[in-house]
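# Descriptive analysis of the structure
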Amino acid sequence: DLHSFPIRRSSDLAFRFSGSYTPADILLDLSKRLIEEKINITYTAFSTLKGIKRDHIPILKSAGLFALYVGIESADERILKKDFEKRFYPDRFKAIIKDLMDSGIFMIASFIYPAPSEDAESRMKTINYILELFSNSSRASVTVHFPGLLPLGKWAEHPEKYGFKINDFEEYKIIGMNYNIKQYLPHYLWDTLPYSINNKTHRELILESSKFMEEIESHGV
């Protein structure tokens, strides 16, 4: 219950929710409380498009939501279901994304490429989706990540199911725990990791991801 927490009154207060995502209902409840208390604040969040409705957007904006980071991963429903086990239908959220940007909320959309079962058709779907929504927009950016194998993730629990191959998983845990994520450098400058997907080495995955980014950047994303 947000009413049980005192909120400091300030015109200079800004904060960001951490964690993998903040549920939409929490963002909405918080925004209503901030408006109710007449608190001038700026905030950002990692969240999901699920649960955000069009009539929520003016409330979020009025409360001070400045930017929203969402994980879309792929615009291909087959990829989302098979590789990410996500119940997400990208086309259904196009209008929400456009409304969020039109309201002045900055959108950061995250994609993972190439997904384990990526093919030419799924690649083109994701490219077209990104270009339709985010090309030449001053209110959005796109991040692209190669498929990372996290020691406690579902891919690591059943690597063969998703096409991953790791020679020594115990050794990989140590390597993964000490891996240096060079977030501000192009992927081809990242250190390679000892795993492959469907016979593609980590270096090959990195190069594919880099080419994908170069392509969308060439179209104004």
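Since this is a predicted model, take the numbers as computed values, not measurements.

A side chain with one charge can pair with a side chain of the opposite charge if their charged atoms come near. Counted by the stated rule, this structure contains 15 salt bridges. Taking the shortest distance from any N to any O, the salt bridge between E85 and K161 comes out at 3.3 Å. Here E85, found in the loop between α3 (77-82) and α4 (94-102), pairs with K161, found in the loop between α6 (154-157) and β6 (164-166); they are 76 residues apart in sequence, far enough to count as distant. Connected through salt bridges with shared partners, the residues D91, K94, K98 and E132 form a single ionic network.

Turning next to the packing of aromatic side chains. Under the counting rule described, the total for this entry stands at 14 aromatic pairs. Here F15 and Y43 contribute two aromatic rings whose centre-to-centre distance is 5.8 Å and whose plane-to-plane angle is 15°, an arrangement assigned as stacked. Separated by 28 residues along the polypeptide, F15 in strand β1 (residues 13-16) and Y43 in strand β2 (residues 41-47) bring together distant segments of the chain. Looking at Y43, the relative accessible area reads 0%, which means it is buried. Between F146 and W190 the ring centres are 5.4 Å apart and the planes differ by 80°, which places this aromatic pair in the edge-to-face class. With a gap of 44 residues between them, F146 in the loop between β5 (140-145) and α6 and W190 in the loop between α7 (169-177) and β7 (195-197) connect regions that are remote in the sequence. Given the relative accessible area of 9%, F146 is considered buried. With a relative accessible area of 7%, W190 lands in the buried category. Chaining the aromatic ring pairs together yields one cluster made of F84, W155, Y162, F164, F169, Y172 and Y195. When the ring centre of F88 is taken as reference, the NZ or CZ atom of K86 above it lies at 5.5 Å. Seen from the ring of Y89, R92 lies directly overhead, with NZ or CZ sitting 4.1 Å from the centre.

Scoring rules and cut-offs
Residues numbered from 1 in each chain as written. Predicted model: local features only at pLDDT ≥ 70, side-chain atom pairs only at ≥ 80, totals over all residues. Heavy atoms only, no water. Salt bridge = Lys/Arg side-chain N within 4 Å of Asp/Glu carboxyl O. Helix = DSSP H or I, 4+ residues; strand = E, 2+ residues; numbered from the N terminus. Phe/Tyr/Trp six-rings, centres within 6.5 Å; stacked < 30°, edge-to-face > 60°. Buried < 20%, exposed > 50% of the residue type's maximum accessible area, 1.4 Å probe, protein only. Lys NZ or Arg CZ within 6 Å of the ring centre and 35° of its normal.

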